[in-house]
Every structure is written in C-alpha cells, then in structure tokens.
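# Per-entry structural report
If you want the building blocks of each chain, they are given just below.
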Amino acid sequence: MRTLDHKLLRDIGSSRGQIVAIALMVACGVALFVAMLTTYQSLERSQRAYYDAARFAEVFAHATRAPRSLGPRIAAIPGIDALQMRVVADVSLDVPGRDEPATGRLVSIPERSRPPLNDLFVREGRYLQPADRTQVLVSEAFADANGLRVGSTIGAVINGRRQRLHVVGIALSPEYVYAIRGVADIWPDSARFGIIWMGEQALSAAFDMKGAFNDLAVTLTPGIDTQTVIERIDALLARYGGLGAYDRTDQPSHRYLSSELSELRVSVVMVPAIFLGIAVFLLHLLLSRQVGTQRAQIAVLKAFGYANAVIGLHYVLFGLLIVAIGAVLGIGAGLWSGWKLTHYYAVFFHFPILRYHAGIELLAATVMLVILAGVAGSLSGVRAAVMLPPAEAMRPQPPARFRPSIIERIGFRRVLSVPTRVVVRNLERAPLKALLSCTGLALGVATLVVGRSTYDALDLMLTHQFYAAEREDAVVAFDRTLPLRARWELGRLPGIIRVEPFRAVAVRLRSGHHSRRVVLIGLEDDASLRRIVDLRGRVSRPPRNGLLLTGKLAQVLGVTPGDRITLEVLEAAKPTMAARVVATVDEPIGTTAYMELGALDRLLREGPTISGAYVAADARDRNVLNAALKRLPAVAHVAFREQTIENFRSTIAEVLAISTTLLITFASVIAFGIVYNTARIALAERGRELAVMRILGFTRGEITLVLLGEQAVLTGAAIPAGLALGYAISLSLSVAYSSELYRIPATVSRATGAFALLVIAGAAFVSAFLVRRQLDSLDLVAALKIGE
C-alpha cells in the first residue's frame, strides 16, 4: 500500500464523524434525486405505454345531438386517422350502502367489438355481450370505493326513468386515469363519481339518441396541424350544438396527469440540488480547513518528490470517497422511497399496470452527479494544497494577532469574562471563517423551513378553499340548466336552511394568440356560502359589467384589469363577444372566471337559469335530505363539504404528506450534519490553542465555553438568517411549482419556525455533548506538537 493510501486511511479515521455526517447529507440529496426521478420515469412510462396500447384519442368534441351520418364527413377531414362517435351522459346513481346520491358518467361502447379508440382494460369480469341491455362495466376506482364487484347491481336515473344496472366487469380507461367530472373539479371523488360503460344500442335508446351521437373522439396522423382539424370539426358540429372541440392538453385527466409530471420534473432538479449543494459546501469547508491543519504533512510530501498532481488527486479521492459512501446509501434509500411514492400515486392515477422503473441510465446519471459533487467540493482544498510552496508549508502558520475587540474597546471589557473575551476576539479576527460557518448553519435552518413549509401551504390551501371561500354544507348540481324557480323547490327539501344558486358555463377566453377553455361561474351579488376570496382573506364581489379572473388565468392570457378579451360561449346560442377584465383574484386552485348571475343570464341571452346551488343544511336531517335528493331526477351530483375535505386529505394531501415527510427527515439529518461538522471543524482548528489554555490553568468548563460559546453565537446569528433564506427558497419553489391546476402558496408558519429552532437547538445540544466528550479526552502533549 502506498504512503498516500496510508495517509488517506488515517485521515478517514481521524475525521470519521465529519465524514459520516457529510456522507449522510449526500445520501439525502441522492435519495431525493433517485426517488423523484424514478417516480417521474415510472409514471411517464406507464402513461405512454397505456396511451399507445389503448389508442387514446388526441382531439375531443361534444355536441347536443349530431347524426351519425356526419361520421364520414368528419373522417374525411385531412389529418384524421380514426374516430369514435359515442353517447355520453351524467346520471344520478343509487349505490347500495351509500346514503347520498352519486354521479355516474354513462359512456357508450360497441356491444359486438372493442372500442376503436380509448379502449378499455377489463381488470375483472368480462366485456359486454349483446344479449342484456342492463349490463355495464364500472370504473375500478368507483367499484373499489363502493365495494362493487362483478354481479353487483346499482340504481340509475336514466333520462328521468329509474333502471337497475348489472355489473359484469371492472374496467379502466385512458380517458379517466385521473377520474374527475370536468375542468371545474380538482380532486377525484371515487366514492361519489364513477364511469359506467354501457352498450351503445341500450344507451342510445335510453336517451333517444338512435342514429345520433353527442361525443366525438379522434386520433390524428403524425405532423398534422391540430388547430386546423379542431376548426374543421367545430364547423361541422356547429349546427348540432357543438360545444367546441379541444385537443388532449385540455382533456381533464391528461391535463392533471401532465401537470403532476411537470411538477415532478421540477422537483428532480430543484430539491436535490438544494441538498447536494449544502453537502458540497460542507465538503469544501472540511477539505479547506483540513489542508490548513496538514501544512507540514504537505510540505514533507513535496520535499520527498510527490508531484502536485499526485497530492491534489489524494485530496480529490478523499472527497470522492465521502460522496461515494453517501451515494451507496442514497441510491438504496432513493429506490425504496421511489417505489413507495410511485405506488402511492396509484391511489388517484389509475393505470392497468404501474411498474416501478429504475434503469441503468438512472444509476449512470446518479454516479455522474455524485462525482461532480465530490470534485466540486474538493476543488478549493486541492487548489490550496497544490499552490502551497514546500518552504512556506514547513513553517507553522504565524500566530494570530490578538487585540481588544470592538466590544471591549467601547467599555464592556469589565463585564466580560476571559473565556467570553476569547470568543469575541476569535469571531472578530476571522470574520470570513465565521461568515462561512454561519452560512452553513443558516442553510441547515433553511432546509428545515423548506421541508416543513409544504405542510403550511397545505393548511393554508385547505383553510382558504373549504372555510373561507366554500362555506356551504353541500353543492347540488343539476343534469341540465333549470329555471331559477328550481332554487325555491330545492329550498323546500327537509333540512335545507339556505340556497344560493349558481350558473356554470363552458367558455373559451382569447387574448391575442393566447386562449383557454375554462368555466365561467355566475354567482349572486350577495352570496355568502360561496365567496370569491384571495389568499389574504379579501372578499371580491362578482362583477356586473365584466369578468373577474383568477390571477393565474390572467397571467396565462397576458391580461390585466382594464384589458378587453374575447369571450366565446361554448353552449346554448354560443354567442361571441368582447368582455372587459374588471379585476383579478389570487386564488390557489384552478383557473376560473366569475360574473354576477344576472349579468351572466343577459350575456347568454336567456332567461334566469341555474346549473345548481350551494346550500346550507341542518346536519341532523342529513339522511332525510339524502333520500329526498335521490328521488329528484334532475339532480346529477351532490357533494358535501366534509366529504370533499376528507377526500382531499386521503388522496392529494396524503401523497404530499409522504413526500414532505421524506423531505423533513432528510432536512433534519442535514441540519444535524451541518451543526456537528461546524463544531468538529472548530475543534480540529483550535485543538492546540485549547491545549495551551488548559496548561495555563483554564478549566475544562472554560475551554468548553470558548469553543462552544463561539458555536452558540454563530448558531444564534444563523437562525434568523436561515428563516429568511428558507422563506426565499420556499417562494422560489412556489413559483416553480405554480401551474394552472393549483398554486402552492409560499408561507412559513410560527410552528415551522419553532420546529426549525427546536431541531437546530437539539442538533447543537447533541453536537456540544459529543464535542465536550472529545475535549475531556484531549491529548495535551499531542496537541502541542508542532513541526518547528
């Protein structure tokens, strides 16, 4: 074994505590990188494979009632590869064992063949047979949530008539990987919304749609201009109540899945970069100060003929060995975490097969990342070792010049003890070193703040959405628009205390070359159950003479208050007009436009109509109210607020909580590693000085105060700086994660600040205990040896 190899092993042994701490920090960064990248790759591969196998459509369109004879003309549009004409309708369901009504989306499929597009994956049971018109396939999530199996029966109100449906199979569809009703919904509600596939002939007959369709899906030939095809489809469907065709990017399920994948891509880059950056910073401190304490050894090596490149490589290997240990631990932890996270995503992203994928390219990327981190952290130490002249290195570092500190000179000398004066003078004579140590500690606080701030954001979103904005007990949606008098009929139901109607209309907003398909919601001017509230709690009223847009929608369209945009209604008479943006509101969820209910009626050129109502109800009459709502054929959907909150907590919040828990755990490890490394480096640098103080008569308690007092001052200064830095990083992550579906607000609660303070204080206490044990066993003779 070479001399430098022996030295490397000795260095590892003497710095094993610091090496373990830095290796754990590298492991945290690598684990996050591996977990998030493998989760992203697994979801993306599953999405691509499923879409290809099921022939997922690329353009979708809806109409009121179009003849099937229109099919050949649609198929003749240049660029269309295949098409599927269907009947789709939402109906009220009576599910055994469930008190409140559920909503089923009936989708027609051929009885004698598989669908040409959006094919089904039958998980359990069989496909439809022509003999029985009451047989149906049910979506897997809905079946699991309601305990439905092959052979179960459910009741449905189909076109005003009650009918029993027999479940013959449990299926999945690429259209409903993320099963929500439409663009107005955010969270999946598998217990109360499901997809039901029914024979084409049976469903067409039930809705008087024989020889007609109201839903269209098409695929395109590669390289074709999608917008041109959409315009041609709209032209053909216009006279049949066409609601405006749209491409896959606006398809609700695909839109949400793509948004989640985009956020994972951001996480793969930003979050591990923060953790690995801190590890590189600490490796830089360790090697830089190690070179300072090994000046004589470097001089001897150079005197014996060791080239600068060999000595530099020695210190690079030292850094690479540390990150290699972290990489091994991190890859193992990351693979396990990625596997768990991927399968938690299966709670609301439903694929036939969701395989966890971790390919060789991932390992290669991880190894390359670790090598870069190790080299980057070693550069400063290597440069110092290489640039150090042998003659200069043989001499010990000149002693520091001590003089009274500024605090002493302004009159506090008498009130400061000798150890305290030493602490103050050390900080003043090496301000750069103190700044670097303080920066490292501040980064530790910042990682804790960033890790836990996600909980704060979730709490803020939950409080805003379900307690400030949506204060109703339930939302009742109708299967079609009804006259305004329906509100009074709804108000006569048992347990109803207050009813506030709303109108929801599908529209397309255009500004220049920007356009978005959104829901325009009409609310009463004095509405109190459903309010328009920003994140600061400020309430806005729906405008009578223009539009109020969510801030994200205004940003996407590139408009500000006072600008005029084009509003194209996608239902009823389909008027197109110019509208003025009156104001914007900073809502964290969705992209929505608002208008006063009466003004929306005038805009649509129709009498007072409503799509549903927000209601306040007496909880004691819940069962009676549910039974009454089930008997109303016009009621398509009922959502109670507490059920929606519970659904949010059990799906989206649970997955975010898992990833956040991983982040907090890793942040805590890093925070401890930073505090411990800072204390150990200080001990290594000050060993001789502390030994001299012991020989001069200072007690162990006094030299402990000198060493740990300095660390306490640095930690105290780092906490407010770390809190501010953590908020700044949370803000940047909030901007990076911002999407049209939801925006995670940047917020740091007092609880998060207290949590960061407690973890740092705990880490400082444990580190102080370990360092004090080493001070107690300090070898005074060895510490005083110098190479003079």
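Here goes a summary of the coordinates provided. (Residues numbered from 1 in each chain as written. Predicted model: local features only at pLDDT ≥ 70, side-chain atom pairs only at ≥ 80, totals over all residues. Heavy atoms only, no water.)

## Quick notes on the packing of aromatic side chains
Two aromatic rings, taken as a pair, are described by how far apart their centres are and by the angle between their planes. The criterion, for reference: Side-chain rings of Phe, Tyr and Trp (the six-membered ring for Trp) are treated as a pair once their centres are within 6.5 Å; stacked means planes under 30 degrees apart, edge-to-face means over 60, and tilted covers the remaining angles. In DSSP terms, a helix is any run of H or I states spanning at least four residues, a strand is any run of E spanning at least two, and both are numbered starting from the N terminus. Criterion for a charge above a ring: Arg CZ or Lys NZ at most 6 Å from the ring centre, at most 35 degrees from the ring normal.
Under the counting rule described, the total for this entry stands at eight aromatic pairs. Considering the side-chain rings of Tyr178 and Tyr256, the 4.9 Å spacing of their centres and the 10° angle between planes classify their relative orientation as stacked. Of this pair, Tyr178 sits in the loop between strand 8 (161-172) and strand 9 (193-199) while Tyr256 is found in helix 7 (residues 252-293), placing the two residues 78 residues apart along the sequence. These aromatic residues form a ring-pair network of at least three members: Tyr51, Phe56, Phe60 and Tyr246. Taking the ring centre of Trp488 as reference, the NZ or CZ of Arg487 above it sits at 4.6 Å. The aromatic ring of Phe640 is capped on one face by Arg622, whose charged end is 3.9 Å from the ring centroid.

## What to know about the sheet that holds strand 2 (residues 80-86)
For clarity, the threshold we go by: Only strands joined by at least two bridges in the DSSP assignment are considered to pair. Throughout, a residue-residue contact means that at least one pair of heavy atoms, one from each residue, lies within 4.5 Å. Every angle, taken between N-to-C directions, lies between 0 and 180 degrees, and every axis is a line fitted to C-alpha atoms, over only the stretch in contact when it is a helix.
Judged by pairing direction, the sheet is antiparallel, and its four strands sit side by side in the order 2-10-1-11 without closing on themselves. Lying at the two open borders of the sheet, with one neighbouring strand each, are strand 2 and strand 11 (246-247). The sheet contact formed by strand 1 (residues 59-67) and strand 10 (residues 212-220) spans six bridges and is antiparallel. Within strand 10, the position partnered with Val59 by the bridge is Val218. Strand contacts of helix 6 (residues 226-237): strand 1, strand 2, strand 10 and strand 11, with the helix running at about 10° to strand 1, the strand carrying the most contacts.

## Remarks on the pattern of salt bridges
Using the following cut-off: Salt bridges are defined by distance alone: a side-chain nitrogen of Lys or Arg within 4 Å of a carboxyl oxygen of Asp or Glu. Only protein chains enter the accessibility calculation, which uses a 1.4 Å probe. A residue is then buried if its area is under 20% of the maximum for its type, exposed if over 50%, and partly exposed in between.
Counted by the stated rule, this structure contains 20 salt bridges. Across the salt bridge formed by Asp189 and Arg192, the nearest N and O atoms sit 2.9 Å from each other. With its nearest N and O atoms 3.7 Å apart, the salt bridge here joins Arg452 to Asp456. Here Arg452 and its partner Asp456 are both found in helix 14 (residues 431-469), four residues apart, which amounts to about one turn of the helix. Given a relative accessible area of 22%, Arg452 falls into the partly exposed group. Judged by its relative accessible area of 7%, Asp456 falls in the buried class. Taken together, the salt bridges that share partners define one network made up of Arg55, Arg114 and Asp119.

## Points about the pairing of strand 18 (residues 564-569)
Remember that side chains alternate between the two faces of the sheet whenever the strand is regular. Note: strand 13 (residues 496-511) against strand 18, four bridges, orientation antiparallel. Counterpart to Val507 in the pairing with strand 18 is Val569. As defined by bridge partners, strand 18 adjoins strand 19 (residues 576-585) across five bridges and the pair is classed as antiparallel. The residue bridging Leu567 from the neighbouring strand is Met577, located in strand 19.

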